[in-house]
Amino acid sequence: MSTTIGGPVKIPHIYDGTGRTTFNFSYTGNHQGSVFDQYATVPDAAFRAGDFSSSSSPIIDPLTGLPFAGNQIPANRLDPTSLALLQFIPEPTLSGSVQNYRRLSTQHTANDTFNLRFTHSLTGQQTGRGGRGGFGGRGGRGGQQTGPARLNATLSAQVSYRRNDGDRPNVFPLLDGTTHGSALSVPISLNMRYGRSIHTVSVSFDRRASTSLGAFAFVQNVAGDSGIGGIATDPFDWGLPNLTFGSFTSLRDAAPSERTDDTWQVSYNWTRPAAGHTFRGGVTFEQQNDRTRSDANARGTFTFTGLYTGGDSLFANSGQDLADFLLGLPQQATRQFGASADGISTPIALRGRQMSAYVQDDWRWKAHWTINYGVQYNLVRPFTEADGHLVNLDATPDFTAVAPVESGDAGPYNGTFPAGLVNTDWNNVAPRVGVAWRATNRTVIRFGYGLSYNTGAYAQIAQQLAQQPPFFETGTAIGTVAAPLTLADAFAATSPDVVTNNYGIERDYQLGLIHQWNVDYNRQLSQTWNAGVTYIGTVGADLDMLRAPNRGPDGLRIPDVQAFTWQSSEGASRMNGVSFRLQKRQSRGVSGGLVYTLSKSRDDTTATGGGATVAQDDQDLAAEWGLSNFDRRHQVTGNLNVELPFGRDHHWLSQGGWLAAIAGDWRLSANMTWETGTPLTVRCSTCASDVAQGIGGTLRADYTGLPITLASPTIDEYFNTAAFAVPATGTFGDSLRNMVIGPS
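Engineer: Whenever I open this one, the side chain of aspartate 702 confuses me. Can you help?
Structural biologist: You can see aspartate 702 is positioned in strand E35 (residues 702–703). Within the buried set, aspartate 702 has no salt-bridge partner at all; the shortest N-O distance to an opposite charge, 8.8 Å, is to arginine 700. At 3.0 Å, the side chain of aspartate 702 forms a polar contact with the backbone nitrogen of aspartate 734. Apart from the residues lying within four places of it in its own chain, the contact partners of aspartate 702 are Ala723, Phe724, Ala725, Val726, Pro727, Ala728, Phe732, Gly733, Asp734 and Ser735.

In structure tokens form, the structure reads like this:
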């Protein structure tokens, strides 16, 4: 639904803005419900009670090292904390042991946008000899300005407000959450035309706020009431812990988040045409203030692999991971939440500044050539925290030792760090050029090249640096058969001498850059048909790479330092693509087009294109080269628009009338997309050997050499799982990254 109203501003007996001041108000609303339909794998009643007699895999008693009698865990051995959490995992609603639970619900969303705009001419209508020359206007002979240059100035102001509310459904009904958001934007611009030059000065303010909460926030401390210690106690963080399984769908409660982003921007732009050229230039200054209250892992994340009840024989889908859970024995436990003396989460206040400047020329060279060239410079300063609460890791070049270092302090290995803990990248010069050549009346050839930088990287980096000790409670506890963890007290044994920081970034981090070029050939086949082909190539450098330098095949490499993720800018990418198109302009009521694209993209970074993961082997980063997460080899898109032949100026009912009013001016449109799937990496996300190294979900499977594709794939087995195997303990998987092509 939407409505718009506008016109001159008139206030009776006070102001008549006819011809000088106008306004426009609009409202757009979208309130809808959509289907939420997801499946999960959950344990049946017998498994929930500790009865694994139907499983062919033995369930080992960790106390004796022998299988439980009848493969059944005695009721008095079931952990009370686990039983308290088990009630939030529903029982099966479908038959079978896989995808045996279905959640079918409605997800409601509401979006409302209000927009008010005023435009006021400061100089009013210009009169006098020579008029408005300079652009071939009415004044002066031949459009030339014969009188003195006139100044025309227009002031525009706008207020835009958007709000949104929505459900945040979870496949487990008791874990549903809500989201709320709003955005306020106030841009003001002054446009001045003097002679042949146009000057624009703009000032804008934007505020974006968002809140995301789970069902139990400020209502019930489920994790604490169940007996888990060492986690957040702030009511803002209340809810369930995250429970990760290998054979069953993991339990994931919503992470609480409140965020407000304020952005101030001032810009100046200049345009002037001259002798076949149109010159442009400008400069922009921006100040960003972000205030965030977010605890991504306040209630702890506990990983169950079957380490304790599997003994020397871990089997997939055996229920051994659930057996570990029922005994209250996780292999790994992690936490991360804001720490303060009163137990209340403290917001993070980040500050960022950036500046950009550009010059550009649009050159009409001769009759058949157009050349557009220019250069832009971006200066982006790393974010700082208002109270200096940022912490990085100072590391030796070979990562044999690391030490925490706070904003502006000196580290033991690399000297004094700046306030943002990352050196400013000053080298962000981005040239661009585009050329169009009309070879014949029917043929146009275009070429373009541009360089762009990832100028938005610093905000996310600062968020990570702000969530580190001593300002945040973090920790990764790893259990062994000899020294098991318990669900209730997993964080009790953390030594104060152990470095628990879980993130660091190289001090000389560089903003990622992308070189992109393209060549296009367009041919007019007839008055209504044209065809073309486009080649696109890109090369990326200094791209983000997530590493685990403290991880070795047998465990952690640095004594008294817990597992951490290290972000560097050493990734690279390559992409080549070609597309063929055929288009028909509207004639006889029909128009449409068809485009086929063939492309291939490869990179060695898992931090772009979605699904960011840590490199498997930090000592062999070259093994990360593979298809990009977003690679699609083939894509076909098409559209068809048909204007029905009814009504005035059409074949039928052209004389009008009530029937023409009903049937006339109707159009039909159809859109089609077919594309091959994106690639998938086969990982052993909950393998005990992987979790024991502190960074889960990074170990790739071994490739057995069997065919990967299946003749008749299903939703439960899309590829041949026998083509992959769990790597031996102490080794990394030898399968390639993104080796399996997903469904089309």
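Engineer: Is there a simple way to explain unusual backbone geometry in this structure?
Structural biologist: If a residue is not glycine, its phi is most likely negative; likewise, a peptide bond is most likely trans. Of note, the bond from proline 469 into proline 470 is cis; its omega dihedral lies within 30 degrees of zero at 10°. Among the secondary structure elements, proline 470 is positioned in the loop between helix H5 (457–466) and strand E23 (472–478). Here phenylalanine 218, not a glycine, exhibits a phi torsion of approximately 65°, which is positive. Within the fold, phenylalanine 218 resides in the loop between strand E8 (197–214) and helix H3 (222–225). The phi angle at aspartate 560 is positive, at roughly 60°, despite the residue not being glycine.

Engineer: Can you help me understand the pairing of strand E11 (residues 277–294) in this one?
Structural biologist: Strand residues, when the strand is regular, have side chains that alternate between the two faces of the sheet. Pairing of strand E10 (residues 257–274) with E11, which is carried by 18 bridges, proceeds in the antiparallel orientation. What sits directly across from glutamine 265, in E11, is glutamate 286. Here E10 folds back onto E11, and the loop between the two strands holds two residues, one of which, alanine 275, carries a positive phi near 50°. Examined bridge by bridge, E11 and strand E14 (residues 348–365) share 16 bridges and lie antiparallel to one another. Within E14, the residue paired with valine 283 across the bridge is alanine 357.

Engineer: For this particular structure, what's the right way to read the sheet that holds strand E9 (residues 242–244)?
Structural biologist: Backbone-to-backbone hydrogen bonds join strands into a sheet, with any given pair of strands oriented parallel or antiparallel. Taken together, the four strands give an open sheet; going across it, the order is E9-E12-E13-E23, and neighbouring strands pair in mixed fashion. Strands at the two margins of the open sheet, each flanked by one partner only, are E9 and E23. Here the average twist between neighbouring strands, direction ignored, is 10°. The sheet contact formed by E9 and strand E12 (residues 297–303) spans three bridges and is parallel. Following the sheet pairing, leucine 243 is matched in E12 by phenylalanine 302.

Engineer: Mind showing me how you'd approach the pattern of salt bridges here?
Structural biologist: Pairs can form between side chains of opposite charge once their charged atoms are near each other. The full count for this structure, using the stated rule, is 21 salt bridges. Residues aspartate 176 and arginine 103 are paired through a salt bridge, measuring 2.9 Å at the closest nitrogen-oxygen approach. In this pair, aspartate 176 sits in the loop between strand E6 (151–168) and strand E7 (177–194) while arginine 103 sits in strand E5 (residues 101–121), placing the two residues 73 residues apart along the sequence. Judged by relative accessible area, which is 10%, arginine 103 ranks as buried. Several salt bridges converge on common partners, so that one network encompasses Asp234, Glu258 and Arg293.

Engineer: Mind showing me how you'd approach a nonpolar patch on the surface here?
Structural biologist: A grouping of Leu525, Trp529, Leu582, Leu594, Met672 and Trp674 is seen on the molecular surface, where their side chains present a nonpolar patch of about 560 Å² in accessible area. Residue class for methionine 672 comes out partly exposed when judged on its relative accessible area of 37%.

The rules behind these values
- Residues numbered from 1 in each chain as written.
- Predicted model: local features only at pLDDT ≥ 70, side-chain atom pairs only at ≥ 80, totals over all residues.
- Heavy atoms only, no water.
- Helix = DSSP H or I, 4+ residues; strand = E, 2+ residues; numbered from the N terminus.
- Buried < 20%, exposed > 50% of the residue type's maximum accessible area, 1.4 Å probe, protein only.
- Lys, Arg positive; Asp, Glu negative; His and termini not counted.
- Salt bridge = Lys/Arg side-chain N within 4 Å of Asp/Glu carboxyl O.
- Polar contact = N/O pair within 3.5 Å; in protein donor to acceptor, adjacent residues only side chain to side chain.
- Contact = heavy atoms within 4.5 Å.
- Pairing = 2+ DSSP bridges.
- Axes fitted to C-alpha atoms, helices over the stretch in contact; angles between N-to-C directions.
- Patch = residues over 30% accessible without salt bridge, like charges linked within 9 Å, V, L, I, M, F, W, Y side chains within 5 Å.
- Areas by Shrake-Rupley, 256 points an atom, 1.4 Å probe, with all protein chains shown as cover.

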